[in-house]
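A structural walkthrough
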Amino acid sequence: MRVILPSAYGFCSGVRSAVSKAMKASREAEERALPCLLYGDLVHSRAVMDELCALGMVRIDEPSDSDPGILVIRAHGIPDEERKAFIDAGYGIVDATCPVVLHSQNLIRSSTHPVVIGHEGHSEVRTLLGSGEGVILVESENDLEKLEKGIPYEAVVQTTFSIPDLAAIMAKAGELGFDPRLLNDVCPASHQRRDALSELIPGCSCIIVAGDPGSRNTVELWECAKDLGIPSFLVSSPEDIPEEAFSFPVVGLTAGASCPDTLVQSIRRRLEDGR
Ligand code: SF4
């Protein structure tokens, strides 16, 4: 079997920087004999979280989950009130929020009528909703009924939202006469990985997407391959590769923005070994 990789896959700059800040914080905490904590999942990757936890870092969700120490904020950020609660409880903060998400937070803070277009419960969307007062969440065209006529809404989209779904929501908003001003766009890293995958597909008989099912941009890559009509599988480890995948002569292997290269290479080796 031949395995080919696209021109862009795996760690984006935001994830690379977050992992590097977490590693540095871990060393500092060890020197100062402090606990080193992670606010939620640093990035949506079990492989990355396992590696950080093996260094002694502990994942927490609220101040009462640990004695105060050095707290690393995840790449998808933290709602303002929760950040304050950690600081008030005595935690030192290492902010690993991706600059793209920080920019979205600032857009919300400076907007008078902010709307977030994103998936309810997603960590980045929780951060955005917690970055201003009265922020309205729109997840689908149905949610547009939450908006009122005559208000100059400004919309900030989740960085990994589906581009076709965003276009459909904006078109429907226009039809209904809301026409919110879109202040940002989905993250270029998501675009690049999707475009590179589309270029790869004509030369492949199957696509493997490496990454975590909890990672939105990974699932988007998988959906993109399925929409283009090619057999495709989402795998989180070499052991996850389904038997069927080994029957294809040429496999395209890509990876979500939070998937470490060590995992991509171990999946590649197993595919090339053919078992
Ligand atoms: S995908 Fe974009 S927004 Fe998300 S962490 Fe990477 S660079 Fe930041």
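Thresholds applied
Residues numbered from 1 in each chain as written. Predicted model: local features only at pLDDT ≥ 70, side-chain atom pairs only at ≥ 80, totals over all residues. Domains from an automatic or database assignment. Contact = placed C-beta atoms within 7 Å. Nonpolar A, V, L, I, M, F, W, Y, C, P; charged D, E, K, R; others polar. Pairing = 2+ DSSP bridges. Helix = DSSP H or I, 4+ residues; strand = E, 2+ residues; numbered from the N terminus. Axes fitted to C-alpha atoms, helices over the stretch in contact; angles between N-to-C directions. Near = placed C-beta within 6 Å. Parallel < 35°, antiparallel > 145°, perpendicular 65-115°, else oblique. Left-handed = near helix turned anticlockwise from the far one by under 90°.

Under the domain assignment used here, the chain contains domain 1 (2-11 + 188-273), domain 2 (13-97) and domain 3 (100-182). Once you take the C-alpha centre of each, domain 1 and domain 2 turn out to be 29 Å apart. Domain 1 puts 11 residues into the contact, and the matching count from domain 2 is 8 residues. Split into classes, the residues belonging to the side of domain 1 that touches domain 2 amount to 5 nonpolar, 5 polar and 1 charged.

What follows concerns the sheet that holds strand β4 (residues 70-73). Sheet architecture is open: 4 strands sit in the order β3-β2-β4-β5, paired in parallel fashion. Strands with a single pairing partner mark the edges of an open sheet, and in this sheet they are β3 (58-60) and β5 (92-95). Adjacent strand axes in the sheet meet at a mean angle of 35 degrees, parallel and antiparallel pairs treated alike. When β4 meets β5, the two strands line up parallel, connected through 4 bridges. The partner of I73 across the bridge, within β5, is D95.

On to the site of the ligand, then. Not every one of the 14 residues close to the ligand is listed here, only the nearest: C12, G14, C98, T159 and C187. Taken together, the elements giving at least two residues each to the shell around the ligand come down to α1 (13-31), α4 (99-109) and α7 (188-200). With 3 residues, α1 is the single largest residue contributor to the shell around the ligand. Tallied by class, the residues present in the shell around the ligand amount to 9 nonpolar, 5 polar and no charged.

Turning our eyes to something else, we now look at the environment of S20. Secondary-structure assignment places S20 in helix α1. Placed 103 residues apart in sequence, S20 and S123 show a C-alpha to C-alpha distance of 20 Å.

It is at 10 Å that the axes of α7 and helix α8 (residues 216-227) come closest, and there the two elements cross at 25 degrees. Accordingly, the angle class assigned to the pair α7 and α8 is roughly parallel. Pair α7 / α8 crosses with right-handed handedness. Together, S190, R193, R194 and L197 of α7 and N217, E220, L221, C224 and A225 of α8 make up the contact between the two elements. The residue makeup of the contact of α7 with α8, split by class, is 4 nonpolar, 2 polar and 3 charged.

Another point: the sheet that holds strand β6 (residues 114-117). Spatially, 4 strands are ordered β7-β6-β8-β9 in an open sheet, and the strand pairing comes out parallel. Looking at strand neighbours, the two that pair on one side only are β7 (136-138) and β9 (181-182), the edges of this open sheet. Bridge count for strand β8 (residues 154-157) against β9 is 2 bridges, and the pairing is parallel. Bridge pairing links E154 to R181 in β9.

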